[in-house]
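# Commentary on secondary and tertiary structure
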Amino acid sequence: MVRGIRPHVVGRTLASFRRSKCGLKVIDVSPEPKRLARIIRGQTITSVRRFAKRVVLTLSEGGDFVIEPRMTGLMLLSDPPTTAHLRVEWRFMKHATSAYPSLWFWDRRGLGTVHYYGPGQFEELVCTRLGPDALAMNAELWTERLARTARPVKVALLDQTLVAGIGNLYASEILYLSRIHPARPANALSRREIARLAAAVQEVLDDAILHEGSTLADGTYRNALAQNGRYQNSHRVYARTGMKCPSCDAAIERIVQAQRSTFFCGRCQR
Ligand SMILES: [Zn+2]
């Protein structure tokens, strides 16, 4: 999502910001959109990055827009899946060569949030509450973080204060690649298992970013230019209950942990 929009929004100057009149559940935007429109007018977007499942747009005066897409949110430049679910618009100043007049936040279920933080506030308020970004962790840091909890490793991977940026789908894939059973206590993993886990996190998350997210069954997770993501073609266990494990032919199993589905191979993952 971030890669898709970056080349089209970095360097663009903002003209306005508004909530679209969609008549659906009002999504959480702060501060109040009219005030926000005054703050951001004339500022240029200097960077776009992802931080732990959020999209962060940094502006020229140092403030940050932090967009949390949650289940069904998307950052789009064009072709929304539906116009009814467009929630928020950042309108750019006219630009001679760009085909995109606006950046949109589209959200079918309306669980996403858009917050603007003044210079330095995001760093202070948000980053200190979240664990380190999963992609920035090495085996040593994994050992330190996992030692803090005896909860099942799958549940620990989803705890954003322990490690930020791993979603439910990816947690199953990561544990499968690591050959670790999802119910194992997080603090009981061996050095070797943690090394495999650290490598699997990089592989799975890099791959996910490369393919810009997965298209789940309802097709609402698409990339910024609204093409279907392709990561789902490489799921090894996620949503494959009863299908054959790609390496041993045993049937993939599904269990529920902390109200979330987990998929795994009982033969490969110990
Ligand atoms: Zn297997």
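The structure we're discussing is the one just above.
In short, a report on the structure. Computed from a predicted model, the values in this text were never measured in an experiment. (Residues numbered from 1 in each chain as written. Predicted model: local features only at pLDDT ≥ 70, side-chain atom pairs only at ≥ 80, totals over all residues.)

### A word on the sheet that holds strand 1 (residues 14–19)
What the four strands build is an open sheet, ordered 1-7-8-6; its pairing is antiparallel. Single-partner strands in this sheet number two, and they are strand 1 and strand 6 (73–76). Taken pair by pair, the neighbouring strands of this sheet meet at an average axis angle of 15°, ignoring direction. (Pairing = 2+ DSSP bridges. Helix = DSSP H or I, 4+ residues; strand = E, 2+ residues; numbered from the N terminus. Axes fitted to C-alpha atoms, helices over the stretch in contact; angles between N-to-C directions.)

### Quick notes on helix 1 (residues 2–9)
Residue pairs three or four apart in sequence face the same way in an α-helix, which turns once every 3.6 residues. All buried positions along helix 1 are accounted for by G4, I5 and V9. Along the axis of helix 1, the buried positions cluster into a sector of 100°, meaning they face one direction only. Lining the buried residues of helix 1 we find strand 3 (45–51), strand 6 and strand 8 (102–107). (Buried ≥ 20, exposed ≤ 12 C-beta atoms within 10 Å, placed from the backbone. Arc of directions from axis to C-beta. Contact = placed C-beta atoms within 7 Å.)

### Here we look at the pairing of strand 9 (residues 113–117)
Here three bridges tie strand 2 (residues 28–30) to strand 9, and the two strands are oriented parallel to one another. When the sheet's bridge partners are listed, S30 is paired in strand 9 with H115. Alignment of strand 5 (residues 64–68) against strand 9, held across five bridges, turns out to be antiparallel. By the bridge assignment for strand 9, I67 is matched with V114.

### Description of the pairing of strand 7 (residues 86–92)
Taken residue by residue, a regular strand's side chains alternate between the two faces of the sheet. Bridge analysis of strand 1 against strand 7 gives five bridges, and the strand direction is antiparallel. Looking at strand 7, one finds that S16 is bridged to R91. Taken together, the five bridges between strand 7 and strand 8 define a ladder with antiparallel strand orientation. Within strand 8, the position partnered with V88 by the bridge is F105.

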